[in-house]
Amino acid sequence: MTSPYPILAILGILVVVMTLAAGLIWLERRLLALWQDRYGPNRVGPFGLLQVLADMIKIFFKEDWIPPFADKVVFVIAPAIIVGTVLMSFAVLPIAPGIIVSDLNIGLLFILGMSSIGVYSVVLAGWASDNKYSLLGGLRAAAQMLSYEVFMGLALMGVVLLAGSFQLSEIVSAQRRVWFVVPQFAGFILFLIAGVAETRRLPFDLPEAESELIAGFHSEYSGMKFGLFFVGEYLGVILISSLITILFFGGWMGPVLPPIIWFVLKMMFFICFFILLRAALPRPRFDQLMSWGWKVMLPLALANLLITGAVALAWG
Amino acid sequence: MLSTIRTLWYVFLHMFHKRVTIQYPDEKAYLAPRYRGRIILSRDPDGGERCVACHLCAEACPVDCIALQATEDENGRRYPEFFRINFSRCIFCGFCEEACPTYAIQLTPDTEMGEYKRPNLVYEKDDLLINGEGKYPGYNFWRVSGVKIGGKDKGEAENEGPPVDVHRLLP
Amino acid sequence: MATVHVDNQRYEMDDKQNLLQACLQLKMDLPYFCWHPAMGSVGACRQCAVKQFKDESDQHGKIVMACMTPVTEGARISIQDAEAVEFRAAVIEGLMINHPHDCPVCDEGGECHLQDMTVMTGHNYRRYAFEKRTFRNQNLGPFLNHEMNRCIQCYRCVRFYREYAGGNDLNAFALRNIVFFGRDKDGVLENEFAGNLVEVCPTGVFTDKTLKQHYTRKWDLQMAPSVCVHCAVGCNITAAERYGMLRRLVNRYNGEVNGYFLCDRGRFGYEFVNSQRRIRKPLRHGQPVGLEDARAGLRKLAAGGAIGIGSPRASLESNFALRSLVGADYFFAGIPGREAALLKLMLEILGNGPAPAASLREIEHSDAVLVLGEDVTNVAPRMALSLRQAVRQQPMEIAERLRIPLWMDHAVREAVQDEKGPLFIAAASATRLDDVAAATFRGAPDDIARLGFAVAQALDPAAPGPEDLPGQTRELAARIAAALKGAKRPLIVSGPSLGSAAIIQAAANVAWALAGAHLAFTAAEANSMGLAMMEAPALDAAQAATAETAIIVENDLYRRLPAAEVDQLLARFGHVVVLDHLENATTAKAELLIPAATFAEGEGTLMSSEGRLQRFFAALSPTEPVEPSWRLLGGWNTLDEIIRALAEAMPQLAAVREAAPAASFRMEAAKIPRQPHRYSGRTSMLANISVHEPKPPQDADSPLSFSMEGNPKQPPGALQPFFWTPGWNSYQAVNKFQEEIAGRLEAGDPGVPMFASGGGGHAFFNAIPAAFEARAGEWLLAPLFHIYGSEELSREAPAVAELGPQPYVALNPEDAAQFGDEVELMGQRFRVSRIAELPRGVAGIPAGVPPFAGLELPAWSKIQPIQ
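Analysis parameters
- Residues numbered from 1 in each chain as written.
- Chains lettered and ligands numbered in written order.
- Predicted model: local features only at pLDDT ≥ 70, side-chain atom pairs only at ≥ 80, totals over all residues.
- Heavy atoms only, no water.
- Helix = DSSP H or I, 4+ residues; strand = E, 2+ residues; numbered from the N terminus.
- Rg over C-alpha atoms; globule rule 2.2 N^0.38 Å.
- Buried < 20%, exposed > 50% of the residue type's maximum accessible area, 1.4 Å probe, protein only.
- Contact = heavy atoms within 4.5 Å.
- Areas by Shrake-Rupley, 256 points an atom, 1.4 Å probe, with all protein chains shown as cover.
- Lys, Arg positive; Asp, Glu negative; His and termini not counted.
- Charge placed at Lys NZ, Arg CZ, Asp CG, Glu CD.
- Pairing = 2+ DSSP bridges.
- Patch = residues over 30% accessible without salt bridge, like charges linked within 9 Å, V, L, I, M, F, W, Y side chains within 5 Å.
- Salt bridge = Lys/Arg side-chain N within 4 Å of Asp/Glu carboxyl O.
- Buried area = accessible area lost by both parts, 1.4 Å probe.
- Polar contact = N/O pair within 3.5 Å; in protein donor to acceptor, adjacent residues only side chain to side chain.
- Nonpolar A, V, L, I, M, F, W, Y, C, P; charged D, E, K, R; others polar.
- Core = buried A, V, L, I, M, F, W, Y, C linked by side-chain atoms within 4.5 Å.
- Axes fitted to C-alpha atoms, helices over the stretch in contact; angles between N-to-C directions.
- Parallel < 35°, antiparallel > 145°, perpendicular 65-115°, else oblique.
- Domains from an automatic or database assignment.
- pLDDT = per-residue confidence, 0-100.
- 1 Å grid on protein atoms, 1.4 Å probe; cavity = no way out; pocket = protein on both sides within 12 Å on 5 of 7 lines; lining within 4 Å.
- Points joined across faces, edges and corners; volume = space filled by probe spheres on them.

Q: Can you tell me about the overall build of chain C, naming the residues and giving the values?
A: What chain C contains, in helices and strands, is 26 helices and 36 strands. At 28 Å, chain C has a C-alpha radius of gyration in line with the 29 Å of a compact globule built from 867 residues. Here the C-alpha coordinates of chain C stretch approximately 85 × 75 × 55 Å along the principal axes. The burial tally for chain C puts 66% of its 867 residues in the buried class. Looking at chain C alone, contacts between residues at least 24 apart form 74% of all its contacts between residues at least 6 apart. As presented, chain C carries roughly 30,400 Å² of accessible surface, and 50% of it is formed by carbon and sulfur atoms. The positive charge centre, built from 84 side chains, and the negative charge centre, built from 100, are 3 Å apart in chain C.

Shown next, in the form of structure tokens:
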């Protein structure tokens, strides 16, 4: 089901995703303001939409400074890794029938793999900055990602079991009768939580934690390199939202409207949910985060897998 | 877990609340008369400079942004030869006003003093001195102080007896 | 020592002290007004009340004045006792009833003892609703401002002025609550130490009038430890700067030298630094050039062969830099031969003779004094104040016999009455110390020397004496000898003022004939002794030197030699380079003129007449292109480098290294701040020029910093920029820095005395001059010194200049009978001043006052009536 015009698909997805990521900056600020009884950016252009443009111009023209004490090569590579890996993940996402770069038969595994590589970005950034706050941020990121990746993978195994495939388009097709959110509700919740942790968004932004680590792993970053981390985070949000849509909410499937609209609507809903999380929830302590992950989430994920497996066996 | 969901819901409901933001340049916020904004030097009821160049404001200033030099007119009235506030350093804490023994230096509810060039934020006495008494009408330091100045001799201040004749030995 | 309990804490106190002094010495806070560490207690202000308990079981106790209560073994007192606290607050409240509402415009504000004490007692609200009494102020001359309304009647001013400094034109007038301190009518305060009232007065009645012209609060001053340059005594001062201008000088306590007081020339002479006549730019042929250009020119001329003429008012470093630049053989001392010989003689006497040099503290504690040929008040003013205290030493024994503790000032004075210790003054004319002298002798220099030799012979028959002394003089010599012999700590004061070697030799003979006598010499200028230590040939020798260029450092040769001789001397050189602070006759002759830093702008070391090496530090941040001469002359970048080289090249001055710690010295890794921690205006004072605050100037020459950052703890005495402790903003804070009240500084008194212990053997001098004989038609011109006017630099301070004399010729009235009101001398007309004390045949002329400045005195000269 791979797209007949892969180059076109690549360009299309790239442009749309990047624009979306930039637009999310505006969306997030407006939504946060809305939930905090403020206006948010409303001065530049209609509804403050050109704020995005202004911010981009600003970030492009900011001094791109590499601290003299930093490990320069690693320092430069780190932000590229995160954007690279997330964008790679988009390659296997079936957005609508025919709109996909490469419909890998191990699509889901590929995405999990890419997100694991993405962790390097944060860890290396923290390390290369040669700054104690950054290093602490990097350390936290490594521990957090490692822990949450484990049950993120496990939580998805239920879906894979039900669909019988790692291929994402297959998984979407398998939801023709019922969205997997129904049989796999526990899996959905687990994946949602793990997804937030994966993107290091509030309430799981411990690697940045402005109030404790003064922006953690990217303390020393400025200009476009900081911009890459920034965009990487929003790309991550889009990716996780898309995945939730594909894995649990039937992807592009829906009545009346064209498939792509359905996909975008579902995805936007989860993006807004991510922002609501940020608006509402405080950040836990790091030890709470870790024990929550290992002592609650992991057993739950295992139990979910066991039950799903048993049910699948029993029903044939 | 439940409380988390309840929190999410309450925050979500804020979508339908009224916004508290004042759209600043279009709408102006009310600033109380005692608001701590732009600093001015006032005059006493007789129109003279209130500042007596005692240096207490400069001393109280935590960012050291006030500099002045005292001088005296031919009649012994002290005033600042120059009085400079570097508003690019000022933090509008109001300590200078609190320290001022003559109500000369006062903070006003004017905050609109943005500039594109920092040197424009350095205010000299001409920029600071206003033609009025500001927030504290009626006070004139020289009427209370025991120092002789032009137009007020020894013993003519409030609550002062006439100068004594020291060569008189009567009890 | 005695054990005393203060607020149930055990302390060891000195039982020769009163409780106030003992408590302050233990660094306790106890308010006081009338007590002064140098003047003792009178118990007038009732401020230092404490509660004294009979014994441990006594719960009530009684209120006593700490300053009037001796320390006794086992005494129990309480400072914190509620009743005592209330009593002290009530006293302040009473004192403040008439205090005007004018702290904001009072010059004392911020360093006011009354403010400090009011805060310390907690009084803060005026309840008295009736009228305040007011006074009219007086104009007290160019030094002091008078604001009588502020007075709290502590009597310190009259006690200092009349009893300590010997003045009589300041007094207390009227009675009850209208007691007034001032003069009978407006006029200049006559006493030479009146300026100390600024610090003696606990509030703002007497304030510094020169400071008022460019007033700055104490907390805003950038201060540096410095040494007075207006005479050779070497009083320690604190120089204070603001906005690039020297604002004032205050006393800097040095237990061995000036203690708490300065003379007015030292205190108010500083304004020459701000003079309009300062040289601010290098000039070549009168045209401004860049500093680098000027220095290159200097180097080039020096390389082409040059002689250097040093100066007794330049620091050791500057003189040494010049000596190094031109070579030792081409370096000349910059003083005339006669003065150089006298200084050399003094150094030999102090260095090799058995009598040690007396510090001012030792002078103060001498109990018999012979002054030979000096008008101390006008030559070394601060020394005269010490001599005035020395006169009290012997009569104090009366008080001791009556078991009156010596700190109980008025009781002691009542016991002593007008009793004076032996002070004998032999001088060319009347002196300002005559009022306390046991006997005076007036004569020509040779006669003074003969009296000295006679005293020496009377003390030790081995010493040579004059044969044909008049009976009266012989009797006086015997009387002096007897007084000196009976004294425990005799002192001989002499100096080069009358230009007579015989007088100095006679003084040495007297000191050597006595066991345990100290010698105190005066000298003309701040570094006269230091220059003499460098053993350079005198100016006369320069007249024979051949070189292309003459480099003159901080020296107006027209004040050294007659104008014609200087013209002749300078004409010998193709190029004349002058480094100096102020325009003068010599700088006018300079081809290349380079501005040199004054004491306030640079560092250097001076040697006082006592032989004390003392360092002064810059108070003004360095300003292009004014630099210290030693740096301009090249070769050294920092003070420490040149001091090291100086100590190596001249072993006799090796001690210069110990005058103050080197620039690398740190207090717990931090420099010592020149600015108080409350220094204001840092981000605004230069904002009119640029809003980017410059980095504070770095000081490579000293451990002091030009900022408020640094270690505020107590630095070594020589580096103490100002005295301040929490709650003590006035100069009285010095109590907290002393080992013992009015004693040594805890961190060490500044300076290295070179002649503090006497040398070995001696042989009496025996060149006794013949008796003076008046000549017909000719008079011996002798210098009469003036505290204001005789010294070169202070003459440029407007306030000092105002009090300086106009040129005159002083004659004995009998000699003057043949003249009218004016006479002709050296082809010029001068006013005649009739002075009865002047010996016949001697004419006095004001020393250092143009046109007499360059004359070598004494000298015979014709005086003619006006044609």
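Now that the structure has been shown, we can carry on.
Q: Outline unusual backbone geometry, listing residues and values.
A: The step from Pro850(C) to Pro851(C) runs through a cis peptide bond, and the omega angle for that step is 5°. Summarising the element assignment, Pro851(C) is placed in the loop between β35 (842-846) and β36 (859-865). A cis amide bond links Leu857(C) with the next residue in sequence, Pro858(C), at an omega value of -5°. Inspection of the secondary structure assignment puts Pro858(C) in the loop between β35 and β36. If you check the backbone angles, Phe92(B) has positive phi at about 50° while not being a glycine. Relative to the helices and strands, Phe92(B) is located in the loop between β3 (78-86) and α3 (95-99). One non-glycine residue, Gln417(C), lies in the positive phi region at around 55°. Counting through the fold element by element, Gln417(C) comes out in the loop between α15 (409-416) and β19 (423-427).

Q: Residue-level account of the pairing of strand β18 (residues 368-372) of chain C, with values.
A: All names here are of chain C. In terms of burial, β18 is largely enclosed, as five of its five residues are buried. Inspection of the sheet shows β18 paired to strand β21 (residues 490-494) by four bridges, in the parallel sense. Across the sheet, the residue bridging to Ala368 is Pro490, located in β21. Sheet analysis places β18 next to β19, joined by four bridges and oriented parallel. Bridge pairing links Val371 to Ile425 in β19.

Q: Before we move on, can you summarise a nonpolar patch on the surface with the specific residues and values?
A: Residues and elements named next belong to chain A. Taken together, Val44, Leu50, Leu53, Met56, Ile57, Phe60 and Phe61 make up a surface patch of nonpolar side chains, about 690 Å² in accessible area. With respect to the helices and strands, Met56 occurs in helix α2 (residues 51-61). The class of Met56 is partly exposed, set by a relative accessible area of 34%.

Q: Describe the interface of chain A and chain B, naming the residues involved and giving the relevant values.
A: The extent of an interface is frequently quoted as the accessible surface area lost upon association of the parts. Chain A puts 14 residues into the contact, and the matching count from chain B is 16 residues. When chain A packs against chain B, the two sides together hide about 1,500 Å² of surface, and 63% of this comes from carbon and sulfur. By the criterion of area lost to chain B, the three top residues of chain A are Trp35(A), Asp37(A) and Tyr39(A), representing 41% of everything that side buries. For the pair chain A and chain B, the interface holds one salt bridge. One salt bridge in this structure joins Arg43(A) and Asp26(B), with 3.1 Å as the shortest N-O distance. Remark: the boundary between chain A and chain B carries four residue pairs in polar contact (both at pLDDT 80 or more). Of all the secondary-structure elements, those providing two or more residues to the side of chain A that touches chain B are α1 (6-35) and α10 (259-280) of chain A. Counting residues per element, the side of chain A that touches chain B draws most heavily on α10(A), which supplies five residues. Looking at side-chain class alone, the side of chain A that touches chain B contains 10 nonpolar, one polar and three charged residues.

Q: Can you break down the nonpolar core residue by residue, with the values?
A: Residues Val455(C), Leu484(C) and Ile551(C) are the most contacted members of the largest nonpolar core, which totals 103 residues. By residue number, the principal contributor to this core is helix α18 (residues 501-513) of chain C, which donates 10 residues. When neighbours within four sequence positions are excluded, Leu484(C) is seen to be in contact with Ala368(C), Val369(C), Leu370(C), Val455(C), Leu459(C), Pro490(C), Leu491(C), Ile492(C), Val510(C) and Leu514(C). Core analysis: the next-biggest nonpolar cluster, separate from the first, contains 92 residues, Leu27(A), Ile111(A), Phe180(A) and Phe248(A) among them.

Q: Account for the packing of helix α10 (residues 337-352) of chain C against α18(C), naming residues and giving values.
A: All names here are of chain C. Between α10 and α18, the least distance of the axes is 10 Å, while the angle of their chain directions is 10°. Put simply, α10 runs roughly parallel to α18. Together, Leu342, Leu345, Met346 and Ile349 of α10 and Ala501, Ile504, Gln505, Ala508 and Trp512 of α18 make up the contact between the two elements. Its residues assigned to classes, the contact of α10 with α18 comprises eight nonpolar, one polar and no charged.

Q: Summarise the side chain of Ser134(A); cite the residues concerned and give the values.
A: Inspection of the secondary structure puts Ser134(A) in helix α5 (residues 132-163). Residues within four places of Ser134(A) in sequence aside, it is in contact with Gly126(A), Ser129(A), Gly216(A), Phe217(A), Ser219(A) and Glu220(A).

Q: Just give me the short version of the domain arrangement of chain C, but keep the residues and values in it.
A: Partitioning chain C into structural domains gives domain 1 (2-96), domain 2 (283-338 + 530-752), domain 3 (356-516) and domain 4 (778-865). Computed from C-alpha coordinates alone, the two centres of domain 1 of chain C and domain 4 of chain C are separated by 55 Å.

Q: Which residues make up the sheet that holds strand β25 (residues 592-595) of chain C, and what values do they have?
A: Residues and elements named next belong to chain C. Read across the open sheet, the seven strands follow the order β15-β14-β25-β24-β23-β16-β17; overall the sheet is mixed. Every other strand in the sheet has two partners, leaving β15 (287-288) and β17 (331-332) as the edge strands with one partner each. Pairing between strand β24 (residues 575-580) and β25: four bridges, direction parallel. Within β25, the residue paired with Val578 across the bridge is Leu593.

Q: Describe the confidence of the model for chain C, listing the residues and the values that go with them.
A: Model confidence for chain C is summarised by a mean pLDDT of 93, while 100% of its residues fall at 70 or above. Prediction confidence for the complex, expressed as pTM and ipTM, is 0.84 and 0.90 respectively.

Q: Before we move on, could you go through the layout of surface pockets and cite the residues and values that matter?
A: Over the atoms, a rolling probe the size of a water molecule traces out where space has been left empty. Residues and elements named next belong to chain C. What the largest pocket holds in volume is close to 1,200 Å³. Pro37, His365, Met396, Leu406 and Trp407 are, among the 41 residues lining the largest pocket, the residues nearest its centre. Of all elements in the fold, only α11 (360-364), α13 (381-390), α14 (396-401) and α15 reach the threshold of two or more residues within the lining of the largest pocket. Considered class by class, the residues forming the lining of the largest pocket number 18 nonpolar, 11 polar and 12 charged.

Q: Before we move on, can you summarise empty space enclosed by the protein with the specific residues and values?
A: Residue and element names in this part refer to chain C. Evaluation of the coordinates by the stated rule reveals 13 cavities of 30 Å³ or more. Here the largest cavity is characterised by a volume of approximately 650 Å³. The wall of the largest cavity is formed by 28 residues, among which Glu339, Ala524, Arg559, Phe785 and Ala847 lie closest to the centre. Every element with two or more residues in the lining of the largest cavity is listed here: α10 and α12 (376-379).

Q: Summarise the arrangement of the chains; cite the residues concerned and give the values.
A: A comparison of contact numbers over the two pairs of chains in contact places chains B and C at the top. One finds no contact between chain A and chain C; the C-alpha atoms of the two approach each other to within 22 Å at their closest.

Q: Go over the sheet that holds strand β5 (residues 122-123) of chain B, please, and point to the residues and values.
A: Residue and element names in this part refer to chain B. Spatially, three strands are ordered β2-β3-β5 in an open sheet, and the strand pairing comes out antiparallel. Taken across any chain shown, the strands that pair with only one partner, and hence form the sheet edges, are β2 (66-72) and β5. As judged from the two bridges shared by β3 and β5, these two strands associate in the antiparallel manner. Counted as the bridge partner of Asn86 is Val122 from β5.

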